[in-house]
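Analysis of the macromolecular model
One letter stands for each residue in the lines below.
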Amino acid sequence: MTALFAQRALLPEGWASNVRITVAADGRIENVLKDAARDPRDHNLVNRILLPAPANLHSHAFQRAMAGMTEYRSAADDDFWSWRELMYRFLDVLTPGQIEAIAALVYVEMLEAGYAAVGEFHYVHHRPGGGSYDNIAETSERIFAAVAETGIGLTHLPVLYTFGGAGKQPLAGGQLRFGCDDARFQELHAAARSGLGHLPADCAIGIAPHSLRATGPQQMKALADAYPGGPIHIHAAEQDREVAEIEAWLGARPVEWLLGEAGADARWCLIHATQMNDTEIAGLARSGAVAGLCPITEANLGDGTFNARDFVAENGGFGVGSDSNVRISLSGELSQLEYSQRLRHKARNVLSGKGVSTGRNLFLRAAEGGARAIGRDSGALEAGRLADIVALDAGHLSLCGLRDDQILDGWIFAADDRVVSDVWSAGRHCVINGRHVRRDAVERRYRSAMAELLGLL
Ligand SMILES: [Zn+2]
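As for the overall build of the protein
What the protein contains, in helices and strands, is 14 helices and 17 strands. The C-alpha extent of the protein, read off along each of the three principal axes, is 65 × 45 × 45 Å. With 457 residues in all, the protein has 61% of them scored as buried. Residue pairs in contact within the protein that sit at least 24 positions apart in sequence constitute 74% of those at least 6 positions apart. About 17300 Å² of surface is accessible on the protein, with carbon and sulfur atoms providing 47% of the total. Taking the average place of the 44 positive charges on the side chains of the protein and the average place of its 56 negative ones, the gap between the two points comes to 3 Å.

Looking at the nonpolar core
Counting residues in each nonpolar core, the largest one holds 118 residues, and the members touching the most others are Leu 51, Tyr 107, Leu 258, Trp 268 and Leu 270. It is helix 2 (residues 96-113) that contributes the most residues to this core, 11 residues altogether. Three or more residues apiece are contributed to this core by two domains, here domain 1 (2-52 + 381-440) and domain 2 (55-373). With 16 residues, the next largest nonpolar core counts Leu 4, Leu 11, Ala 387 and Trp 424 among its residues.

Let's talk about the sheet that holds strand 11 (residues 268-272)
Spatially, four strands are ordered 10-11-12-13 in an open sheet, and the strand pairing comes out parallel. A strand with exactly one partner marks an edge of an open sheet, and here the two such strands are strand 10 (232-236) and strand 13 (317-320). Pairs of neighbouring strands in the sheet enclose a mean axial angle of 30°, with direction left out of account. Here strand 10 pairs with strand 11 via five bridges, running parallel. Paired with Ile 232 across the strands is Trp 268, a residue of strand 11.

Observations concerning helix 12 (residues 358-373)
Here helix 12 is 16 residues long and its end C-alpha atoms lie 22 Å apart, about the 22 Å a rise of 1.5 Å per residue gives. With respect to burial, helix 12 is a largely interior element, 12 of its 16 residues being buried. For helix 12, the complete set of buried residues consists of Thr 358, Gly 359, Arg 360, Asn 361, Leu 362, Phe 363, Ala 366, Ala 367, Gly 369, Gly 370, Ala 371 and Ala 373. Backbone geometry just after helix 12 places Gly 375 at a positive phi near 65°.

A look at the sheet that holds strand 16 (residues 428-432)
Ordered by their spatial adjacency, eight strands build an open sheet running 3-2-1-4-14-15-16-17, and the pairing between neighbours is mixed. In this open sheet, the two edge strands, each paired with only one partner strand, are strand 3 (29-33) and strand 17 (435-436). Pairing of strand 15 (residues 420-425) with strand 16 involves three bridges; the strand directions are antiparallel. Its bridge partner being in strand 16, Ser 425 is matched across the sheet by Arg 428.

Section: the coordination of the zinc ion
Within the protein, the zinc ion binds to His 58 (NE2), His 60 (NE2), His 235 (NE2) and Asp 323 (OD); these donor distances fall in the range 2.1 to 2.5 Å. Each donor residue of the zinc ion lies on the same chain, and together they follow the pattern H-x1-H-x174-H-x87-D. Taken together, the positions of His 235 in strand 10 and Asp 323 in the loop between strand 13 and helix 11 (330-345) put the pair 88 residues apart, joining distant regions of the chain. For His 235, a relative accessible area of 8% puts it in the buried group. By relative accessible area, Asp 323 is classed as buried at 4%.

Brief notes about the pattern of salt bridges
For the structure shown, the criterion picks out 29 salt bridges. One salt bridge connects Arg 142 with Glu 100, and the closest N-O pair in it is separated by 3.3 Å. Of this pair, Arg 142 sits in helix 3 (residues 138-150) while Glu 100 sits in helix 2, and the two are 42 residues apart along the sequence. Its salt-bridge partner being Arg 142, residue Glu 138 comes within 2.7 Å of it at the nearest N-O pair. Here Arg 142 and Glu 138 lie together in helix 3, a separation of four residues that amounts to about one turn. Taking relative accessible area as the criterion, Glu 138 reaches 17% and is therefore assigned buried. It is possible to trace a salt-bridge network through shared partners that takes in Asp 202, Arg 376, Asp 388 and Arg 428.

So, the domain arrangement of the protein
Partitioning the protein into domains gives domain 1 (2-52 + 381-440) and domain 2 (55-373). A straight line from the C-alpha centre of domain 1 to that of domain 2 covers 28 Å. With 29 residues of domain 1 at the interface, the matching set in domain 2 holds 34 residues. The contact between domain 1 and domain 2 buries some 2400 Å² in all, and 60% of this surface belongs to carbon and sulfur atoms. Among the residues domain 1 hides against domain 2, the three largest losses belong to Ile 412, Phe 413 and Asp 417. Together they make up 25% of the total. Summed over the shared surface of domain 1 and domain 2, the number is four salt bridges. The residue Asp 405 makes a salt bridge to Arg 360 at a minimum N-O spacing of 3.0 Å. Connecting domain 1 to domain 2 are 15 residue pairs in polar contact (both at pLDDT 80 or more).

Comments concerning the packing of helix 2 against helix 3
For the pair helix 2 and helix 3, interaxial distance at closest approach is 8 Å and the crossing angle is 35°. Taken as a pair, helix 2 and helix 3 cross one another with a handedness that is right-handed. Residues Pro 96, Gly 97, Ile 99, Glu 100, Ala 103, Ala 104, Tyr 107, Val 108 and Leu 111 of helix 2 touch helix 3, and the partners they reach there are Glu 138, Thr 139, Arg 142, Ile 143, Ala 145, Ala 146, Val 147, Glu 149 and Thr 150. Looking at the contact of helix 2 with helix 3 residue by residue, the class counts come to 11 nonpolar, three polar and four charged.

Details of unusual backbone geometry
Unlike most non-glycine residues, Lys 346 shows phi in positive territory, near 50°. The phi angle at Asn 433 is positive, at roughly 50°, despite the residue not being glycine. With respect to the element layout, Asn 433 can be found in the loop between strand 16 and strand 17.

So, how was this worked out
- Residues numbered from 1 in each chain as written.
- Predicted model: local features only at pLDDT ≥ 70, side-chain atom pairs only at ≥ 80, totals over all residues.
- Heavy atoms only, no water.
- Helix = DSSP H or I, 4+ residues; strand = E, 2+ residues; numbered from the N terminus.
- Buried < 20%, exposed > 50% of the residue type's maximum accessible area, 1.4 Å probe, protein only.
- Contact = heavy atoms within 4.5 Å.
- Areas by Shrake-Rupley, 256 points an atom, 1.4 Å probe, with all protein chains shown as cover.
- Lys, Arg positive; Asp, Glu negative; His and termini not counted.
- Charge placed at Lys NZ, Arg CZ, Asp CG, Glu CD.
- Core = buried A, V, L, I, M, F, W, Y, C linked by side-chain atoms within 4.5 Å.
- Domains from an automatic or database assignment.
- Pairing = 2+ DSSP bridges.
- Axes fitted to C-alpha atoms, helices over the stretch in contact; angles between N-to-C directions.
- Expected span 1.5 Å × (residues − 1).
- Donors = N, O, S within 2.8 Å, 3.2 Å for Na, K, Ca; no water.
- Salt bridge = Lys/Arg side-chain N within 4 Å of Asp/Glu carboxyl O.
- Buried area = accessible area lost by both parts, 1.4 Å probe.
- Polar contact = N/O pair within 3.5 Å; in protein donor to acceptor, adjacent residues only side chain to side chain.
- Left-handed = near helix turned anticlockwise from the far one by under 90°.
- Nonpolar A, V, L, I, M, F, W, Y, C, P; charged D, E, K, R; others polar.

Structure follows, in structure tokens:
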């Protein structure tokens, strides 16, 4: 049992003073007391503000290694599809050891940014060319090793990727490393599930049909029944071209099809959902599915702008993810989300809530939606939930003169993640004074994995 004591914390009922949080050995919050007296044995967090630590609901860890390598024009009209070509070249050479080293750095950076957990949308399953590794879940195991080393909470999302494009086109090139028909996916998922048993009990598994263009309609309809329990994640409606291709093939827009034909409900998280019409926005909000927004990556790839104003007005649930990991910043995702709306609607404070600041509204909604999306019992500082907690340094220069909601606004809009001082994931104290406890070793392995990888490219 550990006890944390802080002068200020954001609880479900609002800001509270002299808060004492006890954490049980199973990583859950046992008790939250406000206006409490400090026990001398408590971990006394002087000048720190405690918040629920959100989950990062969407990551492809290996793509972190490409950050900064695709910021030049490779075609007359550079867009998502030319970025994807470069990503596929990477896949010709990436090894399991490199996947582990890259993922470990990614998880260190996520924890230092204030995330306590991640939904890893994992699709590089096989050898270059498509042959299985001796252990069919070899690359999943490498993700698990990175999770074990860094202490981040994991919801593993093995990806079902059967076709190379809309209309059941064959896989080609880099896609061969992703490929699974139903039987191969079943085998892989079972192996990954058993490997997960070595991780702490808060780690979980779901499924991720990659996208409508990479699966078949019958396959999609059968999936929820074939894997009862656990979240279902899918890329949906990221690109205009994808919407047009799906509409031509299935006679419906992607989100429209998923809601109507696949029965997307509260188990589902639709990643991006950028291109939606008004009917889809209202339908997705009503369905209980979470919109998995990745504002930095969506801006980086030129996807377009999610209409968050209307979706939030319909009370839709959302969380944020770092997706391509081109920049890992929790405050950056949230500010980019709000700024995208300011530019789209020519207004300020588009996503603020009644009586609360924009920063607080964005943060708490993303904490709640992110937890729901990855099936993790976190997102609020209350008894019974996992102790996913982030502490901000209220004495940081960037937060000088701010209090309560303003501190969240200051973090998100004025500072950066350097104001994060400590992070606990299910009670595991992973970040202390702004630095991950294993950063040095993880950094060294990342540098040598990158040198090796660049030598192979
Ligand atoms: Zn993605």
